[in-house]
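Take a look at the letters that make up each chain.
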Amino acid sequence: MQRIVRYALIDLLNRTAAVKEVSAGQFGCWSLHFEEMRFLWELDPEAVAFSTGPLTGTGVPGSGAMVWSCLRRGAVHHAAAEGRFGAALRCAGIDMLFITGSSPQPLRLRICQGEITFENPVGNASSLLAVRRFEDAALLTVSRESVTEDRCFVIAGEYIAQRLLNKGICAVIAEGDGAIPLADSRRFTPLCVELWQEAIRSRNLPQSGRSRPVRFLSAGCPVSPEAPASSPFDGGGDPVFAALGVAWNKTGFSASKPKQRLAQLLTACLGEPCTPEELTALSKHLKALERRNLTRGTV
């Protein structure tokens, strides 16, 4: 499961940004937090990362999955979320944000067509609609209580919001007209349709509302938009699914051979064979990484 990840390294103090491509190997963006980017966590313990998976935004049930990450007591913790910001970020040409440093003045980040710009915020949250360049831009606003998508949906709670405010970020815009890559769309599409049909038959589709965006309905997703408010990672669900871009409930519609279904989707998406055994290995890998202290070894 080789995957090329485009990540944006953002330095708020110097207002610089660099977009780089790395091969994430079979374990996707989560490994980057501990391997290629370990030195960044050591330089800035207050850094915040935002990750998508290869299935984020592809149209699979629950493909609004995305992950916030931050350092706590020496170890990286994760807060799962769902919405459309991850998909918008990928359409803008970026798979992952790594935010370091702090700005002395409040600023607004814009990610557009693979480029990062730093803007002085003008007006209130409503004025974001006037400055978007694409009609379907995803807009994040940061308050003391939460990070809100499109002024309606909470995608991070107080813990992440405070980290971003301390860094000077008050808003983020992600927009672009790029396509989310699919290696084998002919194989991927019927798999996606089959999953939606199964979700409909099981009547496990939540109603859309202020707690969930309509564009990426999550079938049986246990992730609460308020979950990150009490702790960095309190969302529940299988971390393997969240790491790869889908928010699936262990006992929801996907209970019928979920790892086999996920392996089939990844094979079609990435164009390389993926097996349930690889996903089992990934699960063990993630658990080991969450026990690793970046300064003192295993916690």
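Okay, so let's go over this structure.

What counts, and where the lines are drawn
Residues numbered from 1 in each chain as written. Predicted model: local features only at pLDDT ≥ 70, side-chain atom pairs only at ≥ 80, totals over all residues. Heavy atoms only, no water. Core = buried A, V, L, I, M, F, W, Y, C linked by side-chain atoms within 4.5 Å. Buried < 20%, exposed > 50% of the residue type's maximum accessible area, 1.4 Å probe, protein only. Contact = heavy atoms within 4.5 Å. Helix = DSSP H or I, 4+ residues; strand = E, 2+ residues; numbered from the N terminus. Expected span 1.5 Å × (residues − 1). Arc of directions from axis to C-beta. Pairing = 2+ DSSP bridges. Axes fitted to C-alpha atoms, helices over the stretch in contact; angles between N-to-C directions.

**A look at the nonpolar core**
Next, step 1: Counting 34 residues, the largest nonpolar core has Ile10, Trp68, Phe85, Leu109, Val147, Leu164 and Ile169 as its most contacted members.
Next, step 2: Dropping the residues within four chain positions of it, Val147 is found in contact with Trp68, Leu140, Thr141, Val142, Phe153, Val154, Ile155, Ala156, Ala161 and Leu164.

**Quick notes on helix α6 (residues 185–201)**
Since there are 3.6 residues in each turn of an α-helix, residues three or four apart along the chain are aligned in direction.
Next, step 1: Taking 1.5 Å per residue, 17 residues should reach 24 Å; α6 reaches 24 Å between its end C-alpha atoms and fits that length.
Next, step 2: Every buried residue of α6 is accounted for by Phe188, Leu191, Cys192, Leu195, Glu198 and Ala199. Looking straight down α6, one finds that the buried residues subtend no more than 125° of arc, so they occupy a single side. Along α6, exposed side chains directed more than 90 degrees from the buried face belong to Arg186, Ile200 and Arg201.

**Examining the pairing of strand β3 (residues 48–51)**
Next, step 1: Going residue by residue along β3, you find Val48 and Phe50 tucked away on one face and Ala49 and Ser51 tucked away on the opposite face as well.
Next, step 2: Relative to strand β4 (residues 65–72), β3 runs antiparallel, the two being bridged by four bridges. Note that in β4 the partner of Val48 across the bridge is Cys70.
Next, step 3: The pairing of β3 with strand β6 (residues 96–100) spans four bridges and is classified as antiparallel. Paired with Ala49 across the two strands is Phe98, which belongs to β6.

**What to know about the sheet that holds strand β10 (residues 147–149)**
Next, step 1: Read from one edge to the other, the open sheet built from six strands follows the order β8-β7-β12-β9-β10-β11, with strand pairing classed as mixed. Of all strands in the sheet, those bounded by a partner on one side alone are β8 (115–119) and β11 (153–156). Shown here is a sheet whose adjacent strand axes are inclined to one another by a mean of 20°, direction ignored.
Next, step 2: As judged from the five bridges shared by strand β7 (residues 107–112) and β8, these two strands associate in the antiparallel manner.

**Digging into the environment of Pro54**
Next, step 1: Within the secondary structure layout, Pro54 lies in the loop between β3 and β4.
Next, step 2: Judged by relative accessible area, Pro54 falls into the buried class, the value being 3%.
Next, step 3: Between the alpha carbons of Pro54 and Leu266 there is a distance of 7.7 Å; along the sequence they are 212 residues apart.
Next, step 4: Beyond its immediate sequence surroundings of up to four residues, Pro54 is in contact with Arg3, Arg90, Ala243, Leu244, Leu266, Cys269 and Leu270.

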